[in-house]
Amino acid sequence: DTGVSQDPRHKITKRGQNVTFRCDPISEHNRLYWYRQTLGQGPEFLTYFQNEAQLEKSRLLSDRFSAERPKGSFSTLEIQRTEQGDSAMYLCASSLFRPTADTQYFGPGTRLTVL
Amino acid sequence: AQKVTQAQTEISVVEKEDVTLDCVYETRDTTYYLFWYKQPPSGELVFLIRRNSFDEQNEISGRYSWNFQKSTSSFNFTITASQVVDSAVYFCALSESEGETSGSRVTFGEGTQLTVNP
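Residues numbered from 1 in each chain as written. Chains lettered and ligands numbered in written order. Predicted model: local features only at pLDDT ≥ 70, side-chain atom pairs only at ≥ 80, totals over all residues. Heavy atoms only, no water.

Its boundaries defined by the atoms lining it, the largest pocket holds a volume of some 490 Å³. For the largest pocket, the lining is made up of 25 residues, of which A:Q37, A:L39, A:G40, B:Q39 and B:V89 are closest to its centre. Those elements that place two or more of their residues in the lining of the largest pocket are β9 (88–95) of chain A together with β10 (88–96) and β12 (112–117) of chain B. Top element by residues in the lining of the largest pocket is β10(B). It accounts for three residues. Of the residues belonging to the lining of the largest pocket, the class tally is eight nonpolar, 14 polar and three charged. (1 Å grid on protein atoms, 1.4 Å probe; cavity = no way out; pocket = protein on both sides within 12 Å on 5 of 7 lines; lining within 4 Å. Points joined across faces, edges and corners; volume = space filled by probe spheres on them. Helix = DSSP H or I, 4+ residues; strand = E, 2+ residues; numbered from the N terminus. Nonpolar A, V, L, I, M, F, W, Y, C, P; charged D, E, K, R; others polar.)

Disulfide: a covalent bond formed between the sulfur atoms of two cysteine residues. Inspection of the entire model under this criterion finds two disulfides over all chains. The disulfide partner of A:C23 is A:C92, and the gap between their sulfur atoms is 1.8 Å. Since a negative S-S torsion denotes a left-handed disulfide, the A:C23-A:C92 link at about -70° is left-handed. In this pair, A:C23 sits in strand β3 (residues 19–24) while A:C92 sits in strand β9, placing the two residues 69 residues apart along the sequence. Note on cysteine connectivity: B:C23 is disulfide-linked to B:C92, with sulfurs 2.0 Å apart. The disulfide joining B:C23 to B:C92 has a torsion of about -65° about its S-S bond and is therefore left-handed. With a gap of 69 residues between them, B:C23 in the loop between β3 (19–21) and β4 (24–26) and B:C92 in strand β10 connect regions that are remote in the sequence. By relative accessible area, which is 0% here, B:C23 ends up buried. (Disulfide = S-S within 2.5 Å. Buried < 20%, exposed > 50% of the residue type's maximum accessible area, 1.4 Å probe, protein only.)

The interface of chain B with chain A comprises 22 residues on the first partner and 25 residues on the second. Per-residue buried area on chain B facing chain A is highest for B:L45, B:S104 and B:R105; these three make up 26% of the total on that side. Where chain B touches chain A, the interface holds one salt bridge. One salt bridge connects B:R105 with A:E56, and the closest N-O pair in it is separated by 2.7 Å. Where chain B touches chain A, the interface holds four residue pairs in polar contact (both at pLDDT 80 or more). Broken down by secondary-structure element, the contributors of at least two residues to the side of chain B that touches chain A are β5 (32–39) and β6 (46–52) of chain B. Counting residues per element, the side of chain B that touches chain A draws most heavily on β5(B), at four residues. Class assignment of the residues belonging to the side of chain B that touches chain A gives a composition of eight nonpolar, nine polar and five charged. (Contact = heavy atoms within 4.5 Å. Buried area = accessible area lost by both parts, 1.4 Å probe. Salt bridge = Lys/Arg side-chain N within 4 Å of Asp/Glu carboxyl O. Polar contact = N/O pair within 3.5 Å; in protein donor to acceptor, adjacent residues only side chain to side chain.)

As a further point, take the sheet that holds β3(A). Residues and elements named next belong to chain A. Strand order in the open sheet formed by four strands is β1-β3-β8-β7, with antiparallel pairing between adjacent strands. The sheet terminates laterally at β1 (5–7) and β7 (65–68), the two strands that pair on one side only. Strand-to-strand, the axes of this sheet are offset by a mean angle of 15°, without reference to chain direction. As paired elements, β1 and β3 share three bridges and run antiparallel to each other. (Pairing = 2+ DSSP bridges. Axes fitted to C-alpha atoms, helices over the stretch in contact; angles between N-to-C directions.)

On to the nonpolar core, then. Judged by nonpolar contacts, the single largest core of 23 residues is most densely connected at B:W36, B:F75, B:F77, B:Y90 and B:L114. If one sorts the elements of this core by residue count, β10(B) sits on top with four residues. (Core = buried A, V, L, I, M, F, W, Y, C linked by side-chain atoms within 4.5 Å.)

Right, let's get into the environment of A:R64. All names here are of chain A. With respect to the helices and strands, R64 occurs in the loop between β6 (53–57) and β7. What makes R64 buried here is its relative accessible area of 11%. Among residues more than four places away in sequence, those in contact with R64 are E78, I79, Q80, R81, T82, E83 and D86.

Read these as layout, nothing more, since geometry by itself doesn't imply function.
As C-alpha cells, then:
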C-alpha cells in the first residue's frame, strides 16, 4: 500500500492570492482529514470527510477555506485571499471507519508560506 | 472538551540513556483512544501506538513501552537505550471512541522535542 500523498509539498504565495492543495488518501480508506500545524504546536483539526460527505468543520475553518472530496477519493483544500496568518503546515490524514474508527495515517504535509 | 498536556517541551539525553515522555489528558468521554505519533525533521507524522481506554495493560514494542494509568489520566512513553535516530518531536493525542464520530477529531498535545546526542 502506498501511503497518504499530498501535493504540493511547499507553496509560497503572496498575500491575497488563492491556493489549492491536494491530498490522496490510502486507497481503501473512507475517511479523510485535514489538520493545520503551526511552528512549535501540535496539529489542529480542520475538517473531515466520510466518503464524499463533509461531516465536521472546526471553527478554525473560516469562510475563506473550503474543502471538497467530490468522488470520495482525493480531496482538495482551497484557501482564498490568503493572509500571513495562514502560513502553516497543512496535513492530510486518512483512516478506515468500520464502524469503529481505525487509526489516522498522515501524509507528508504541504508547507504554505504567505508573503 | 478534550485536552492533552505534554509538559516537557524539550528533552535532551545522551545516546543509550532511557527517557520518558509524559502525557496527561482530559476528557469527559467514558471511552476514548490515546495515541502517540513521532514527527522526525522530515515533517511526516508517524503513528506509533493506539490504546483504547478500557485496555489499561501496558505495552512494550522493542525499545518502546507505554504506561497507561486511567486513575491519573496519564499515558507516558518510554524509550529504552535511546538512539540518535530517535530524535524527533513526539505527540500524544486523544480522540473519542464511540458512535458515528468515533476517531474523527483527534486532539494533539503540543509535543515534546527529544534530542538524542551521540
